[in-house]
Amino acid sequence: MPMSVLVAVLVALSLAGFYMGRSRALDAAGGRMANLHSVPGYYGFYAAIWAGLPALLVIVVWSAFGGAVVNALVWSSLPADAVQGLSPSQQSLLMTNILNVAGGNAGAAETSPVVRAAAEYHQHLRGIGRWALAALAFSLAVGGLWYARSRITPSLRARNQVERVVQALLIMCSLVAILTTVGIVMSLLFEAIRFFGRVSPVEFLFGLHWSPQTAIRADQVGSSGAFGAVPLFAGTILISLIAMLVAVPVGLLAAVYMAEYAPPRVRATVKPVLEILAGIPTVVYGFFAALTMAPLIRDAGQAVGLNVASESALAAGVVMGIMIIPFVSSLSDDVINAVPQSLRDGAYGLGATRSETIKQVVLPAALPGIVGAVLLAVSRAIGETMIVVMAAGLAANLTANPLAAVTTVTVQIATLLVGDQEFDSAKTLSAFGLGLVLFTVTLCLNVIALRVVQKYREKYD
Amino acid sequence: MTDAVVSDRAVPVYQTAEFERRLRRRYAAEKRFRLYGIAAIGLALGMLAVLLGSVVAKGYTAFWQHELRLEVFFDPAEIDPQGTRDPAVLAQANYNTLARNALQSVLTDAGSRDARRAAGDLLSVGAAFELGRMVMDDPSLIGTRRVVSLPVSDEVDQLLKGNVSRALPEADRQITDRQLAWIEQLEAKGDLVSRFNTRLFTNGDSREPELAGLKAGLLGSMLTLFVTLVLAVPVGIAAAVYLEEFAPKNRLTDLIEVNINNLAAVPSIVFGLLGLAVFLNFFGMPRSAPLVGGVVLALLVLPTIIIAGRASLKAVPPSIREAALGIGASRLQVVTHHVLPLAMPGIMTGVIIGMAHALGETAPLLMIGMVAFIVDAPSGFTDAATMLPVQIFMWADSPERAFTERTSAAIMVLLGFLIAMNALAVILRKRFERRW
């Protein structure tokens, strides 16, 4: 039975449960609502939950883990001589073959009898699994319905029970945030540890040479690949630095003007227009950087006799800076507005001009918040992917020259993982090592920045 | 004592020339500082204008495309010599020959084999497919003469649009002098017409710029965003409600809060790594599928939705809650009957902004294999699909000049959707926002 039919049946049963529960409660109350503990609808929900929830849980668990269980069973059914002496990659290849044949994606003719038998066994198990699941879910739903029906009496505290379930659902939804973080950390750590089993962390973090090409044949030149990530870190820092050199002055001055000088009408129009910059997808910035900014900078460089790479760090950095301007400006704007008016009035009272007040009173008072905003912006710049994928280079050059092509951590992650991957090569796994570094660095920046901003807010609240 | 010093002077300090000078300097500094601010804003707005302007300037021409009006003879001898009208035979026929025959009859000096090929290259490779489709849809065309509009090749299109100069020496352009002469001949006859480019919206991806369209990307985006919406909205609202209305102040809720704030700032590519490692490798979900893309984007926008939801729940004044509690509602009833409906416009604004964010996101999708060459629009949640921004990314990588134009046009379509979504959010806020 297909999943959609099963779910439809469950929904129908729950609906039936709702009406059954409600009318049952009304019957039990003898037609007098006042005899009931809860409003009749709650008895309906009570029955509906009993009909739907246990069965739904079973379905969710099976869809998450059923495939793995079936695969493991099929694997253990393979004859010992077919499995013996296979490397992990050959094992996964064999399993993929079996799955393809079972799914009808590969012609059965050219496959070995072992694979064919296993595929048939796989189909057999899946069939059993599907029917067993349907039977189990159905009986759970009917059983739940029957149980709820037997429990419904006027004194049943249906509302409290339903609310407890809803409350639990709400908690589960908020736990998704923690689960996501745990998922990120686990997946990065797990694959990164496998990577560090092949390449030592010291070489990865401090090595100066990056060329992740691993050879197909063992005797090929440069077959080992080099995984020294320092050029990537340097490139990321260079591009982020250029971006911050654009974004911080422009963003900060814009925020100061908007918070201190601009009349309300100007502020009301300019602020949302600036926010548009933050809403433009990064792929658009990447296109702009690669096709407009980079040729512009190259031509300008050639005009003054400089040799500019066509994928210069400068182009990517400047465009990234433009992207981050609204980020810096809106965060600093909030921070500057949070500085109490009494500080300004004090400065004005001493005869300071507006700009003197801003430079000597408001900005120093707002400094922690501004630092927090800049840190958040830096974390944003480090993690930005599309602009650098489209406008920065692929070759890992260790240079501080903004006119040369450099590559970044995110570019490497993206290029290593786009296209076909084998999950046992150091090349693919290195992306997760880089991801771990990226996640750790941005996490630290974010935590520090959020702390600083929060502390600062408390100070003036 | 200062008083003494001041009174010693003939004029008060605020009338000295030095004072004047200092004051002028301070006012000049004030003016300069103000100008810096204006310059910064001007620079940012100027950049925005340049960015949008360059996209529009490069892309608006892609909404029109040149077609060649050609009288084609649907030659029975060429299409279906036996006269079986069998669809298999019709599908096999060489429609290129029909187009070349038609071209030969209108162009001067296009008789030789070599010239026929060169003339045929004026048309898109898709022209033959379109002729084939016409015949298969309506076999009665065979044996008749019809004037049909066929797409020209991207090089011809670019030349006609003026994106490639005709004055270039022959070696520097892809159109030969002979072809150029033909083009001018056809132009003079008025057979080259510029039409609204419907193929941009009705075709899937293609290696030929003149045939490439956004349909697959648009549908893929739609399917993916549907999954995102279905997952992120209920979970996001539920989490916001719990954290704002029910959560006791303890370690766990603190942890959840810190997590949400941090997740909002995690680079999006990391979510792609999560999707790759957990959904594809661990759970074995299909690559390139809108289902996986939707789940990853849902996790990505969840913090946005939760934060916006909490803000608008917080804006509902406590008096509403107290009044409801006072007449005997349970805490859940207070939320579902009163607080949530009142906070809904604000929550929906947050949801729309989150969805706009998801629509423009590219990096995590690269990780889960949504960079695929998709010709046929996906029909289900597990089909291979791509999304609009990824389509833009792939087109931007293509070397043909015509793809630059297409990419810009695709960006305009994407920005159009984003503007529409944000405008909806603004309208919602303006229309339903309540000041308590």
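Residues numbered from 1 in each chain as written. Chains lettered and ligands numbered in written order. Predicted model: local features only at pLDDT ≥ 70, side-chain atom pairs only at ≥ 80, totals over all residues. Heavy atoms only, no water.

Let us now look at helix α2 (residues 17-59) of chain B. With 43 residues, α2(B) extends 61 Å between its outermost C-alpha atoms, agreeing within 8% with the 63 Å of an ideal straight helix rising 1.5 Å per residue. Buried within α2(B) we find B:A29, B:E30, B:F33, B:G37, B:A40, B:I41, B:A44, B:L48, B:L51, B:S54, B:V55 and B:G59. Contacts made by the buried residues of α2(B) are with α8 (230-261), α9 (264-279), α10 (282-303), α11 (313-338) and α13 (354-383) of chain A together with α19 (401-432) of chain B. (Helix = DSSP H or I, 4+ residues; strand = E, 2+ residues; numbered from the N terminus. Expected span 1.5 Å × (residues − 1). Buried < 20%, exposed > 50% of the residue type's maximum accessible area, 1.4 Å probe, protein only. Contact = heavy atoms within 4.5 Å.)

What follows concerns the pattern of salt bridges. Residue and element names in this part refer to chain B. Taken as a whole and assessed by the stated rule, the structure comprises 20 salt bridges over all chains. The residue R195 makes a salt bridge to E67 at a minimum N-O spacing of 3.0 Å. Of the two residues, R195 sits in strand β3 (residues 192-196) while E67 sits in strand β1 (residues 64-73), which places them 128 residues apart along the sequence. By relative accessible area, which is 37% here, R195 ends up partly exposed. (Salt bridge = Lys/Arg side-chain N within 4 Å of Asp/Glu carboxyl O.)

This part is about the environment of A:T399. Residue and element names in this part refer to chain A. Structurally, T399 can be placed in the loop between α14 (386-391) and α15 (409-417). Classification of T399 by relative accessible area gives partly exposed; the value is 24%. Residues contacting T399, with those up to four places away along its chain left out, are L238, A404 and V406. At 2.9 Å, the side chain of T399 and the backbone nitrogen of N401 are in polar contact. (Polar contact = N/O pair within 3.5 Å; in protein donor to acceptor, adjacent residues only side chain to side chain.)

Taking 1.5 Å per residue as the helical rise, α8(A) with its 32 residues ought to reach 46 Å, and the 44 Å between its terminal C-alpha atoms agrees with that figure. Of all 32 residues in α8(A), 24 are buried; the element is thus mostly enclosed.

Take the sheet that holds β1(B) next. Residues and elements named next belong to chain B. On the basis of which strands lie adjacent, the open sheet formed by three strands has the order β2-β1-β3 and antiparallel pairing. Each end of this open sheet is capped by a strand with a single partner; those strands are β2 (145-151) and β3. Within this sheet the neighbouring strands show an average axis-to-axis angle of 40 degrees, counted without direction. Direction of pairing for β1 relative to β2: antiparallel, over a ladder of seven bridges. Residue pairing for β2: F73 is matched across the bridge by R145. (Pairing = 2+ DSSP bridges. Axes fitted to C-alpha atoms, helices over the stretch in contact; angles between N-to-C directions.)

Any pair of aromatic rings gets described here by the distance separating the centres and the angle formed by the planes. All names here are of chain A. Within this structure, the stated rule accounts for 15 aromatic pairs over all chains. With a centroid separation of 5.5 Å and 75 degrees between ring planes, the pair formed by F195 and F227 is classed as edge-to-face. Here F195 is found in helix α6 (residues 158-198), whereas its partner F227 is found in strand β2 (residues 226-227), with 32 residues between them in sequence. According to the relative accessible area criterion, F195 is buried, its value standing at 0%. Taken together, a centroid distance of 5.4 Å and an interplanar angle of 65 degrees make the contact between F196 and F204 edge-to-face. Residue classification places F196 among the partly exposed positions, given a relative accessible area of 24%. Residue F204 is classed as buried on the basis of its relative accessible area of 0%. Ring pairs connect the aromatic residues F195, F196, F204, W210 and F227, which therefore count as one cluster. Positioned above the aromatic ring of F327, the side-chain terminus of R380 is 4.7 Å from the ring centre. (Phe/Tyr/Trp six-rings, centres within 6.5 Å; stacked < 30°, edge-to-face > 60°. Lys NZ or Arg CZ within 6 Å of the ring centre and 35° of its normal.)

Residues and elements named next belong to chain B. For chain B, the assigned domains read domain 1 (65-197) and domain 2 (215-432). Centre-to-centre separation of domain 1 and domain 2, based on C-alpha positions: 46 Å. Every contact between the two is made by eight residues of domain 1 and, on the other side, five residues of domain 2. For the domain 1 and domain 2 pair, buried surface summed over both sides reaches about 480 Å², with 36% attributable to carbon and sulfur atoms. When the buried surface of domain 1 facing domain 2 is broken down by residue, D154, Q158 and N163 rank first, second and third, together holding 61% of it. Among the salt bridges present, the one from K161 reaches E405, with a minimum N-O distance of 3.1 Å. Linking domain 1 with domain 2 are four residue pairs in polar contact (both at pLDDT 80 or more), by the criterion used here. The biggest single contributor to the side of domain 1 that touches domain 2 is helix α8 (residues 154-160), with three residues. Considered class by class, the residues forming the side of domain 1 that touches domain 2 number one nonpolar, four polar and three charged. (Domains from an automatic or database assignment. Buried area = accessible area lost by both parts, 1.4 Å probe. Nonpolar A, V, L, I, M, F, W, Y, C, P; charged D, E, K, R; others polar.)

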